[in-house]
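Overview (structure and organization)
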Amino acid sequence: MVLLFNIIAALCVFFNYAKIALAIFAISFIAMFFTQSFALSFLLFVASIIFFVPLSVLFKVKK
Amino acid sequence: MKVFRVFHSTFAVVLCWFLFFISFFGCVSYINDYTNYYMQPSIQKNHSKEVSLNDCIDYAQKEFKDYETINVATPTFYNNLCEINYFNANSTKAEKKSNIAYFDGEEKYTKTPTLGAKFLFGMHYKIFPFKSTQSIIEALISIVAFCMFLIILSGFFIIGKKKIFELKGKNPYAKNYDFHILVGTFIAVFLGFLSLSGIALNYAKDIDKFFTTKVQKKQSKEKVSVDNSYIFDTNKILEFYSTASDKLGTKELIITLNKAKKQVQISPIKNINSLKSFNQSASNNIVFDEEKILEDKSFSVKNNSFWQSVYEISFTFHRVKFAPIYLSLLLFACGILACVFIYKAMQMYASKKKKANYLALANSAFFSCFNASIAYLIANKILSADLANRALMEQSFFYAIFVLSFALSFIFYKKQSILNYFSIALLVILLLCDFIFSYYSIVTVGFNIMWIIFIIFFARRKNGFVI
C-alpha cells in the first residue's frame, strides 16, 4: 500500500501536480505506522521516494 | 562555505572511484538470492507439478540418514525445489555450507560448485576472497564510507539557494550539474545512512564486547552419543509445519530435524517481522518435540544493550535480509541510481576541468565493475560443472576482465563507443549462454530483461559523454 501510494504521488509529480503529490506522500507516511512490519514499510517509503521523485522530476511533462 | 566546497570536490575526486566500486557491488547484493539461483542453471528446470513436502522429508531422512542435523527449506516462489542442508555437529563451516542438495519430490538435483553471488557481494567489503586481508580491507572501506558521509554532509552545505527542482541546464556540464543537485539531494540520504550503518555493522559488536564483561558458559566436553538411525514421523512434521505456518504467518519455512535432541525446529526463511522494537531483538522459531510444541519463540524478544541495538538496527536496514522481492528490486533500483549519480559526478568533474583523463577514470570505474561482473556470470554458464577448480576459474575470469576493462578505459578514453561495444558484446554472449545452457524460469527471464535494457542503453549512448 505504501509503495502504491508513493508511485501515485510520483506520477502526480510527473504530471506537475506537486501539491496533490505532497498530500499523497503524507498519507503514505501515516500509513507506514499502521502496517504489520515497520521496518518493511519504512524502507518501502524511503526507497520509493528516493527512486521515484528525482526520476519523475527529471522526466516530468513540460507545461 | 568555500572550505566545504573545496573539501567536497577534493575528497570526492580522490574517493569517487572507490565509492563507485563499493556502491556497485553493494547494489548487486540486494538481489543476492536471485543471483545465486540464476547461477545454478542445473536446478532451473521448469517444474509444472507441485512439490510434495512429505516426499521431500522422507527423501531427506532416507538419503542423509548418517547426518545428525537435516534442514529442509520449503520451495520459494521462484524455486520449485526443496533445499536440503545436512551436517554433523563436528562438520566444518565450509561443509555445513556446501552440503546442499535439491529435491523436487521425484528427482535429485546437484548444486553447481560456485561461490555464486557471495563472491560479488564479498567485493563490497573485502575485495579479495582471503581471510588474511579481510580485517584491514574492512577497516579501509569503513574509512572510505566515513569519508563518503562527510562528502554528503558537505554537499548539503554547498547546495546554496538554488532551487533543486528547477532544471535549466543546456550544455552537458550544466545538465550534469542539475542532475547532481536533484538526484544527490535524495540519494544522499540513502548513501549517508548506508555508510554509517555499514561502519556500525563492522564495529558495533566489537565495541559492545569492549564495554561488557562476558560471562563464559561452561561447555561440557563430554560427547553426547547421537542415534543417527532415529527417524522422525513425517506426518507429525507436516502437522507441525501447518501449525508453524499459521503462527509465523508464512509458508516459506525451514524445517530443522535435530536427531541429537530429537526435536523439530521450524523458522521462517525470510522474517518480515524483524525489528519490532529498537532495543529488542526478536527470535522467530517454534521448537517441537516428538508430540507437541516445546518452545514457542514466534514472538519472544530479548532486551539489547545500546551497542547491540545499534548493530541490530544497522543489520536490519543495511543487509535487508527480510526484504520481499518488490523491496529488493526497489532498493536495487535505488542502488543503480546511486551508481549513476557517482559516475555522473566523476563525468561532471572531468567536464569542469576539461580533462579527458578524468573521464577515463570515470569510465574505468564503471566499465571495470560492470564488465567483470558480466564476465563472471558468463564463466559460470560456460564452464562445465565437473571441472576441477571451477569456482577459482570463474574468479580468474572476473579479475582478468576487470583489469582488461580498466586498461581499455584509459586506452580508448576518447572513443567511448569502443567501450560500449565491448559491454554490448559481453551482454549478448551472456544472453546466448542463457539461451543455450539455462532453463527459462521467472528469475532467468527477469535477468535477461535487465541485460536487454542495458544493451539498449549502451546502444543509444554509444558515443558516451562529451566534455
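You'll find chain B entered in an unreviewed UniProt entry as PepSY domain-containing protein, with Campylobacter canadensis given as the organism.

Okay, a nonpolar patch on the surface next. Residue and element names in this part refer to chain B. The grouping of I382, F397, V428, L432, F435, I436, F437, Y440, V445, I449 and I453 at the surface amounts to a nonpolar patch, some 1000 Å² of accessible area in total. Sorting the residues of the nonpolar patch by element identifies α13 (416-437) and α14 (442-460) as the ones contributing at least two each. For the nonpolar patch, the element with the highest residue contribution is α13, accounting for five residues. With respect to the helices and strands, F435 occurs in helix α13.

Once that is clear, we can look at the side chain of S56 of chain A. Turning to its location among the elements, S56 of chain A is positioned in helix α3 (residues 38-58). Polar side-chain contacts of S56 of chain A include one of 2.9 Å to the backbone oxygen of V53 of chain A.

Residue and element names in this part refer to chain B. Packing of helix α11 (residues 356-382) against helix α12 (residues 390-411) brings their axes to within 7 Å, and their N-to-C directions diverge by 155°. By the criterion of interaxial angle, the relationship of α11 to α12 is roughly antiparallel. You can see that α11 and α12 cross each other, and the crossing is right-handed. Among the residues making up the contact of α11 with α12, the classes are represented as 15 nonpolar, ten polar and two charged.

All names here are of chain B. Because side chains alternate across strand β3 (residues 100-103), one face comprises the buried residues I100 and Y102, and the other comprises A101 and F103, equally buried. Sheet topology note: the strand β2 (residues 82-87)/β3 ladder contains four bridges and is antiparallel. From the neighbouring strand, I84 faces β3, where its bridge partner is A101. Following β3, the chain reverses through four residues before pairing antiparallel with strand β4 (residues 108-110); G105 in that reversal takes a positive phi of roughly 105°.

Moving on: the UniProt feature "transmembrane region" (unreviewed entry) in chain A. The UniProt record marks residues 7-32 and 38-59 of chain A with the feature "transmembrane region" (unreviewed entry), using the residue numbering of this structure. Regarding residues 38-59 of chain A, the helix share stands at 95% and the strand share at 0%, and the terminal C-alpha atoms are separated by 31 Å.

A cluster of basic residues, R5, K352, K353 and K355 of chain B, forms a positive patch on the protein surface. As for its position among the elements, K353 of chain B is in helix α10 (residues 325-353).

This next bit is on the interface of chain A and chain B. The partner chain B presents 24 residues to the 21 residues of chain A that form the contact. Taking both sides of the interface into account, the surface hidden between chain A and chain B amounts to around 2000 Å²; carbon and sulfur atoms contribute 87%. On the chain A side of the interface with chain B, the three residues burying the most area are L40, L43 and I50 of chain A, jointly 28% of the side's total. Counting the contacts that link chain A with chain B gives zero salt bridges. Here chain A and chain B share zero residue pairs in polar contact (both at pLDDT 80 or more) between them. It is α3 of chain A that contributes the most residues to the side of chain A that touches chain B, 17 residues altogether.

The next point concerns the pattern of salt bridges. Residue and element names in this part refer to chain B. All chains considered together, the criterion is met by four salt bridges over all chains. A salt bridge links K236 to E239; the shortest N-O distance between them is 3.8 Å. Note that K236 and E239 are positioned in helix α8 (residues 234-248) at a spacing of three residues, about one turn of the helix. What makes E239 partly exposed here is its relative accessible area of 44%.

With that out of the way, let us pick up a negative patch on the surface. All names here are of chain B. On the surface, D55, D58, E106 and E107 cluster together into a patch of negative charge. With respect to the secondary-structure elements, D58 resides in helix α3 (residues 53-63). For D58, a relative accessible area of 37% corresponds to the partly exposed category.

The next thing to look at is the packing of aromatic side chains. Residue and element names in this part refer to chain B. Enumeration over the complete set of coordinates arrives at 48 aromatic pairs over all chains. Aromatic pair F119 and Y376: ring centres 4.9 Å apart, planes at 35°, arrangement tilted. With F119 in helix α5 (residues 117-125) and Y376 in helix α11, this residue pair connects regions lying 257 residues apart in the sequence. Residue F119 is classed as buried on the basis of its relative accessible area of 4%. Directly above the aromatic system of F179 lies the positively charged group of K344, at a separation of 5.3 Å from the ring centroid. The ring of Y38 has K381 lying over it, and the distance from NZ or CZ to the ring centre is 3.8 Å.

Criteria and thresholds
Residues numbered from 1 in each chain as written. Chains lettered and ligands numbered in written order. Predicted model: local features only at pLDDT ≥ 70, side-chain atom pairs only at ≥ 80, totals over all residues. Heavy atoms only, no water. Patch = residues over 30% accessible without salt bridge, like charges linked within 9 Å, V, L, I, M, F, W, Y side chains within 5 Å. Areas by Shrake-Rupley, 256 points an atom, 1.4 Å probe, with all protein chains shown as cover. Salt bridge = Lys/Arg side-chain N within 4 Å of Asp/Glu carboxyl O. Helix = DSSP H or I, 4+ residues; strand = E, 2+ residues; numbered from the N terminus. Polar contact = N/O pair within 3.5 Å; in protein donor to acceptor, adjacent residues only side chain to side chain. Axes fitted to C-alpha atoms, helices over the stretch in contact; angles between N-to-C directions. Parallel < 35°, antiparallel > 145°, perpendicular 65-115°, else oblique. Left-handed = near helix turned anticlockwise from the far one by under 90°. Nonpolar A, V, L, I, M, F, W, Y, C, P; charged D, E, K, R; others polar. Buried < 20%, exposed > 50% of the residue type's maximum accessible area, 1.4 Å probe, protein only. Pairing = 2+ DSSP bridges. UniProt positions renumbered as here; feature names shortened; annotations may be inferred. Lys, Arg positive; Asp, Glu negative; His and termini not counted. Charge placed at Lys NZ, Arg CZ, Asp CG, Glu CD. Contact = heavy atoms within 4.5 Å. Buried area = accessible area lost by both parts, 1.4 Å probe. Phe/Tyr/Trp six-rings, centres within 6.5 Å; stacked < 30°, edge-to-face > 60°. Lys NZ or Arg CZ within 6 Å of the ring centre and 35° of its normal.

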